[in-house]
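Structural description and commentary
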Amino acid sequence: MYQKSSSSVRTKSGNSFNKNRGKPASQGSRKRNGSGGPQRSEGPYVPFGSAPRKSASFGGSRSSFGRGPKRFRGVKKSIIDQNKFIKKAVPVAEVEEYVSKHKFADFNVCQELKNNIITKGYETPTPIQDQAIPEALNGRDIIGVAATGTGKTAAFIIPLINKVFMGKNQKVLIITPTRELASQIDIELREFAKGMGIRSVQCIGGARIGRQISELSRNPQFVIGTPGRINDLIKRGRLRLEGTQNIVLDEVDRMLDMGFINDIKTILSTLPNHKQSLFFSATISTRISGLIQTFLNNPVTVSVKTTVTSDNVEQDIVKVSFDQRKIEVLHDILNKPECEKVLIFGRTKRGVENLSNDLEKRGFKSSSIHGDKAQNKREKALRLFKENHVNILVATDVAARGLDIDDVTHVINYDLPENYEDYVHRIGRTGRANKRGTALTFVS
Ligand code: AMP
């Protein structure tokens, strides 16, 4: 457990970090603003020990900082057992290896697509691809139980590109919970479908609807979007789905958590009866089973171990006592050289924005993503983080859903997640591709 003492902060599992107030400017300076990097006692705006400023508060008011339960007023309190946030990482070598039955070259897809797969550098299918691609190529409806990071995008994109390329008038609708995920899928689609005459349009909220309408009028084969905007376009008569014979629901569990159930039901009801449906979800709850029973036709379930991403994540808690300011404890952690690329989760949009601004003022390089931010700004923030121009991204759960970012060394739960599922999802942003990651959860 992380605990501030006079000379060090210590995590419950025993990892100790020097508090390092007078950390040399050179340490980790590549990732920070200015020449010296953030220093506790010399922070440009908030010298160590100064009174909490409003912008430092996170999910609560200035005065609520460090004063116990009051700080959670108006925000649902998490009831997860704190012990669930502590877990030693499994040494990477011990993580069970999946032996793929196929190579990409074995799949019955056109040569143009095979060439693009090679160009993208994919040789061996991931477990979800290995199992789902042959079934999808055979036209089966699929329930894919897999989280982000398992390669599920290619698992549905490859068979669908092949179908569109080989078939006549095939149309595909892909629905995702977030704008970022939609645009990530679109990027991947364009890479896999390069030179194949396949067009796509992103129909996402926060972006200009006029442009989407004009792109839709060009009759793209792939429509990728978020439930609200897709429904809006259907209602305006600009998106007609009668001829859409293929549907992908990505991260179904997230979409239902986010309250999109009615939008999704409405969209699904406008699709033709004869269609191929591919639903992907990290978990299968009763609500999802209901949706599956209503809309899927004799589906085959393809399931991959979804916990594997957290096996190689070292999980620990950071205990913040009532007389401590969270931001100061966070500052100390971020100053550690091992915190190279850090994703920080907060609960409220304003809190996320404030925290990111505060960290910037302290000399850290930070950006933020949350639902109140315009789409172009969200994309920019994400790009800055992905391309290592900033090394800290502060995000709400919703905005961070489905993000695929390389080399995140630490996930910090500055605010507790609402449920354990969200927790697992958050920490899955680190420790990817068999790398070791660290997840730290602030508890009071
Ligand atoms: P996804 O779960 O679709 O978000 O994919 C996670 C990451 O794995 C992405 O960066 C993909 O580019 C990468 N990826 C997916 N499948 C493969 C594969 N078969 N070989 C190499 N990389 C892959």
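Everything below is about the structure shown above.
All of the points below concern the structure found in this document. (Residues numbered from 1 in each chain as written. Predicted model: local features only at pLDDT ≥ 70, side-chain atom pairs only at ≥ 80, totals over all residues. Heavy atoms only, no water.)

1. Things to note about the pattern of salt bridges
Counting across every chain of the model gives 18 salt bridges. The partner of Glu314 in a salt bridge is Arg436, and the shortest N-O contact between them spans 3.6 Å. With a gap of 122 residues between them, Glu314 in strand S10 (residues 313-319) and Arg436 in the loop between helix H15 (420-427) and strand S15 (437-443) connect regions that are remote in the sequence. Look at Arg436 and you get partly exposed, because its relative accessible area is 47%. Note that Lys349 and Asp372 form a salt bridge whose closest N and O atoms lie 3.6 Å from each other. (Salt bridge = Lys/Arg side-chain N within 4 Å of Asp/Glu carboxyl O. Helix = DSSP H or I, 4+ residues; strand = E, 2+ residues; numbered from the N terminus. Buried < 20%, exposed > 50% of the residue type's maximum accessible area, 1.4 Å probe, protein only.)

2. Brief notes about the packing of aromatic side chains
In this structure the tally under the stated criterion is seven aromatic pairs. Measuring from ring centre to ring centre gives 6.0 Å for Phe104 and Tyr122, while their planes differ by 40 degrees; the resulting arrangement is tilted. Placement of the pair is Phe104 in the loop between strand S2 (16-18) and helix H1 (111-120) and Tyr122 in the loop between H1 and helix H2 (127-137), with a sequence separation of 18 residues. Summarising the aromatic geometry, the rings of Phe156 and Phe280 are spaced 5.4 Å apart at their centres and angled 50 degrees between planes, so their arrangement reads as tilted. On the criterion of sequence distance, the pair formed by Phe156 in helix H3 (residues 152-166) and Phe280 in strand S8 (residues 276-281) is long-range, its members being 124 residues apart. Neither Phe156 nor Phe280 differs from the other in exposure class; each is buried. Here the aromatic cluster, defined as three or more aromatic residues joined through ring pairs, consists of Phe104, Phe107, Tyr122 and Phe192. Positioned over the ring face of Phe192 is Lys120, at 5.4 Å from the centre of the ring. It is Lys326 that lies over the ring of Tyr414; its NZ or CZ is 4.5 Å from the centre. (Phe/Tyr/Trp six-rings, centres within 6.5 Å; stacked < 30°, edge-to-face > 60°. Lys NZ or Arg CZ within 6 Å of the ring centre and 35° of its normal.)

3. So, the site of the ligand
In the region of the ligand, 13 residues are neighbours, and Tyr122, Gln129, Gly151, Thr153 and Asp404 sit closest. Contact distances for the ligand include 2.5 Å between an oxygen atom and a side-chain N or O atom of Tyr122. Here Thr124 contributes a backbone N or O atom positioned 2.9 Å from a nitrogen atom of the ligand. Starting from 490 Å² of accessible surface for the ligand in isolation, the protein chains cover 76%. (Near = heavy atom within 4 Å. Polar contact = N/O pair within 3.5 Å; in protein donor to acceptor, adjacent residues only side chain to side chain. Areas by Shrake-Rupley, 256 points an atom, 1.4 Å probe, with all protein chains shown as cover.)

4. Here we look at the packing of helix H6 (residues 227-235) against helix H8 (residues 261-269)
At a minimum axis separation of 9 Å, H6 and H8 run at an interaxial angle of 45 degrees. Looking at the two axes, H6 sits oblique to H8. Along this stretch, H6 crosses H8, giving a crossing that reads as left-handed. Contacts from Pro227, Gly228, Ile230, Asn231 and Ile234 in H6 reach Asp263, Ile264, Thr266 and Ile267 in H8. Of the residues belonging to the contact of H6 with H8, the class tally is five nonpolar, three polar and one charged. (Axes fitted to C-alpha atoms, helices over the stretch in contact; angles between N-to-C directions. Parallel < 35°, antiparallel > 145°, perpendicular 65-115°, else oblique. Left-handed = near helix turned anticlockwise from the far one by under 90°. Contact = heavy atoms within 4.5 Å. Nonpolar A, V, L, I, M, F, W, Y, C, P; charged D, E, K, R; others polar.)

5. Remarks on the pairing of strand S4 (residues 172-175)
Looking along a regular strand, one sees side chains alternate from face to face of the sheet. Along S4, one buried face is formed by Val172 and Ile174 and the opposite face, lined by Leu173 and Ile175, is buried too. Judged from the four bridges that link them, S4 and strand S6 (residues 222-225) form a sheet pairing that is parallel. Bridge pairing in S6 links Ile175 to Gly225. (Pairing = 2+ DSSP bridges.)

6. Describing the side chain of Ser281
Structurally, Ser281 can be placed in strand S8. Residue classification places Ser281 among the buried positions, given a relative accessible area of 2%. Within the structure, Ser281 has its side chain in polar contact with the backbone oxygen of Thr283 (distance 2.6 Å). Ignoring sequence-local partners within four residues, the contact set of Ser281 consists of Gly144, Val145, Ala146, Val252, Asp253 and Ile288.

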